[in-house]
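Chain by chain, the residues run as shown.
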Amino acid sequence: QMEASHHSAVAETHGAPMQTSTHGSGLEQVVVEPSAADKSHASGISSLLHQLGVDKSHGTDKLDGSGGSASNKPPKEVVVKEMDRFNISAEINPMIEVEKQQEKLSIMKAHLPFVRLVFLGILAGWWLGLGVLLVCVMSGGIPVDIRAAWPMLPKIVTGFLFPVGISLITLIGGELFTGNSMCMLIGLWAGRVTLFELLYNWIIVLITNFVGATSTVYFFGYLTELFWAEPWHSYIVGIAVSKIALKPGVAFLRAIAANALVCSCILLGQSARDMIGKLAAMWFPIMMFACTGFEHSIANMAFVPLGLFYGADADWRNWLYQNLLLVIVGNTIGGGFIIGGAEYFLFDWTRLLANVQEQQTALIRPAVTTVAGEETASTVGRVPSSAAQDKVRSSREMARVSATLGMAGGSAL
């Protein structure tokens, strides 16, 4: 009876009629007739649930027939719209942004004044020459008998210390030919620089790198008499002789791998956002190149002249023609065409794909013509329909998203 009176009070409050019935147990069953306002409210809720894909027919909430709870799993359309509001941050610069930065750098490098380009080229040779001196002091200081018994020890020391020179160039400044071989080729493929600007930059930077590296080891490695004593003297002389004695094919192949790693180091350094991250990212590729003994043209401009200054049994002409020129070509292929080409085409293929799809779609449109009083659709014309335009915009967006997601995951698409 108390429950019946409560329902009666609720019904009177909402203005709804109430009916009662008596069961054999003596209890009254209360049936409340919903008012017009209640019916309208219930209809609105049912409509909302229907739009959300909630199925109430089986006594449990279902979302699109999947059996998930509607309160825990929003529909796909809602998720997609809500995801647009998120700005997912990353601790590194995506590689697609690094590629665009390389294009911008190529423009800057192509328009550097001559005097500044010469200065930066010499500066890069200076930094690399100092790095070579550091390596020779530390690795060459290992006693000769220990070097003979454990030949990996000088390589480990070289791999650990040689990244100092590349890091100084990248963080402080300098124009290094091996790095520009990648940057300028990316700019050329992207239409940012001309072939003349590329060759002009390469020639000036290569010559000034030679001047900077050779003069550094001469003034601060030879005139300072750092390496006359053993075990340093035999170490630097042995490096010069071994590099000049390399077979041309061997030097060429080693040069390809060397600059591929150096240019990978540059890209990884640009992807990091803080100083520690840049140093750590650049260290590993340079360590790999230095420990394996690959041939780097600008480093050879310091290692070989230093040994020749100290009386290495070799000839300058043999070094220039049998080693240095082949190493320069190999460095250009490894850093410019392999790493630079991979960096550029890895991300720009999506833009090319979108352009092709747009051109193909623009060639076909549903044009309405009149034949014998009847309207028929033809596929001639140049202006795409609204549906075709939507398809083009969709393909562009998918291309952009696929490129971004591919790089966010670090995958080679």
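Residues numbered from 1 in each chain as written. Predicted model: local features only at pLDDT ≥ 70, side-chain atom pairs only at ≥ 80, totals over all residues. Heavy atoms only, no water.

1. Some details on the overall build of the protein chain
Link 1 in the chain: Helices and strands together make up the secondary structure of the protein chain, namely 16 helices and six strands.
Link 2 in the chain: Per-residue burial over the protein chain gives 38% buried out of 413 residues.
Link 3 in the chain: The contacts in the protein chain between residues at least 6 apart in sequence include a share of 72% that link residues at least 24 apart. (Helix = DSSP H or I, 4+ residues; strand = E, 2+ residues; numbered from the N terminus. Buried < 20%, exposed > 50% of the residue type's maximum accessible area, 1.4 Å probe, protein only. Contact = heavy atoms within 4.5 Å.)

2. Structural notes on the packing of aromatic side chains
Link 1 in the chain: Evaluation of the coordinates by the stated rule reveals 23 aromatic pairs.
Link 2 in the chain: Ring plane angle 25 degrees and centroid distance 6.4 Å describe the contact between F162 and F303, whose orientation is recorded as stacked. Note that F162 is positioned in the loop between helix 7 (152-161) and helix 8 (163-172) and F303 in helix 14 (residues 297-309), a separation of 141 residues in sequence.
Link 3 in the chain: According to the relative accessible area criterion, F162 is buried, its value standing at 2%.
Link 4 in the chain: Among the aromatic residues, those joined into a ring-pair cluster are F210, Y218, F219, Y222, F227, W228, F309, Y310, W316 and W319. (Phe/Tyr/Trp six-rings, centres within 6.5 Å; stacked < 30°, edge-to-face > 60°.)

3. Side note on the pattern of salt bridges
Link 1 in the chain: In the structure shown here, the tally under the stated rule is five salt bridges.
Link 2 in the chain: Notably, a salt bridge pairs E99 with K100, separated by 3.5 Å at the nearest N-O pair.
Link 3 in the chain: The salt bridge partner of E175 is K109, with a shortest N-O separation of 2.8 Å. Of the two residues, E175 is situated in the loop between helix 8 and helix 9 (177-189) and K109 in helix 4 (residues 95-110); the sequence distance between them amounts to 66 residues. Summarising the burial analysis for this pair, E175 and K109 share the class buried.
Link 4 in the chain: Members of the salt-bridge network, linked through shared partners, are E99, K100, E103 and R192. (Salt bridge = Lys/Arg side-chain N within 4 Å of Asp/Glu carboxyl O.)

4. Quick look at the nonpolar core
Link 1 in the chain: Grouped together as the largest cluster of nonpolar side chains are 57 residues, with contacts concentrated most on L128, F162, I236, F303 and L306.
Link 2 in the chain: Take this core: its biggest share by element is ten residues, from helix 5 (residues 114-140).
Link 3 in the chain: Residue contacts for F303: discarding those within four places in its chain leaves V132, V135, C136, F162, I239, A240 and K243.
Link 4 in the chain: One finds M182, A260, I339 and Y344 within the second-largest nonpolar core, a separate group that totals twelve residues. (Core = buried A, V, L, I, M, F, W, Y, C linked by side-chain atoms within 4.5 Å.)

5. Points about the state of the cysteines
Link 1 in the chain: Applying the stated criterion across every chain, the model contains zero disulfides.
Link 2 in the chain: C183 forms no disulfide, and the closest cysteine sulfur to it belongs to C263, at a distance of 9.6 Å.
Link 3 in the chain: On the accessibility criterion, C183 (2% relative accessible area) is buried.
Link 4 in the chain: C263 supplies the cysteine sulfur nearest to C265, a cysteine that is in no disulfide, at a spacing of 8.7 Å. (Disulfide = S-S within 2.5 Å.)

6. As for the packing of helix 9 against helix 10 (residues 195-222)
Link 1 in the chain: Running from N to C, helix 9 and helix 10 cross one another at 175 degrees; their axes reach a closest spacing of 10 Å. Taken together, the axes of helix 9 and helix 10 are roughly antiparallel relative to one another. Contacts between helix 9 and helix 10 pair F177, N180, S181, M184, L185 and L188 from the former with L195, E197, L198, N201, W202, V205, L206 and N209 from the latter.
Link 2 in the chain: Residues that form the contact of helix 9 with helix 10 fall into these classes: nine nonpolar, four polar and one charged. (Axes fitted to C-alpha atoms, helices over the stretch in contact; angles between N-to-C directions. Parallel < 35°, antiparallel > 145°, perpendicular 65-115°, else oblique. Nonpolar A, V, L, I, M, F, W, Y, C, P; charged D, E, K, R; others polar.)

7. Observations regarding the environment of S271
Link 1 in the chain: In this fold, S271 is placed in helix 12 (residues 248-271).
Link 2 in the chain: Measuring from C-alpha to C-alpha, the distance between S271 and N93 comes to 4.5 Å, with 178 residues separating the pair along the chain.
Link 3 in the chain: Setting aside anything within four residues of it in sequence, one finds S271 in contact with I92, N93, M95 and V98.
Link 4 in the chain: Within the structure, the side chain of S271 is placed 2.6 Å from the backbone oxygen of L268, a separation counted as a polar contact. (Polar contact = N/O pair within 3.5 Å; in protein donor to acceptor, adjacent residues only side chain to side chain.)

8. Comments concerning helix 8
Link 1 in the chain: Residues of helix 8 that are buried: P163, G165, I166, S167 and I169.
Link 2 in the chain: Phi turns positive one or two residues past the end of helix 8, at G173, with a value near 145 degrees.

9. Quick notes on the confidence of the model for the protein chain
Link 1 in the chain: Across the protein chain, pLDDT averages 77, with 62% of residues at or above 70.
Link 2 in the chain: Predicted confidence in the protein chain is weakest over strand 4 (residues 62-63), with a mean pLDDT of 42, and strongest over helix 10, with 97.
Link 3 in the chain: Contacts from residues 20-32, a stretch scored under 50 in pLDDT, to residues over four places away or in other chains number 21 contacts.
Link 4 in the chain: Throughout residues 83-89 the model reports pLDDT below 50, and contacts reaching past four residues in sequence, or to other chains, amount to zero contacts. (pLDDT = per-residue confidence, 0-100.)

10. A look at the packing of helix 5 against helix 7
Link 1 in the chain: At a closest axis distance of 9 Å, the pairing of helix 5 and helix 7 adopts a crossing angle of 150 degrees. Our classification of the angle between helix 5 and helix 7 gives roughly antiparallel. Once helix 5 is placed against helix 7, the crossing between them reads as right-handed. Residue-level inspection shows L134, V135, M138 and S139 of helix 5 in contact with helix 7, the latter providing P154, V157, T158 and L161.
Link 2 in the chain: Residue classes in the contact of helix 5 with helix 7 are distributed as six nonpolar, two polar and no charged. (Left-handed = near helix turned anticlockwise from the far one by under 90°.)

11. Some thoughts on a nonpolar patch on the surface
Link 1 in the chain: Residues I122, L195, L199, I203, I207 and V211 make up a contiguous nonpolar surface patch of about 510 Å² in total accessible area.
Link 2 in the chain: Looking at the nonpolar patch, the element that brings in the most residues is helix 10, giving five residues. (Patch = residues over 30% accessible without salt bridge, like charges linked within 9 Å, V, L, I, M, F, W, Y side chains within 5 Å. Areas by Shrake-Rupley, 256 points an atom, 1.4 Å probe, with all protein chains shown as cover.)

12. Considering the side chain of T214
Link 1 in the chain: Secondary-structure assignment places T214 in helix 10.
Link 2 in the chain: Of the residues examined, T214 reaches a relative accessible area of 11% and is grouped as buried.
Link 3 in the chain: There is a polar contact of 2.8 Å between the side chain of T214 and the backbone oxygen of F210.
Link 4 in the chain: Other than its neighbours up to four places away in sequence, T214 contacts M301, P305 and F309.

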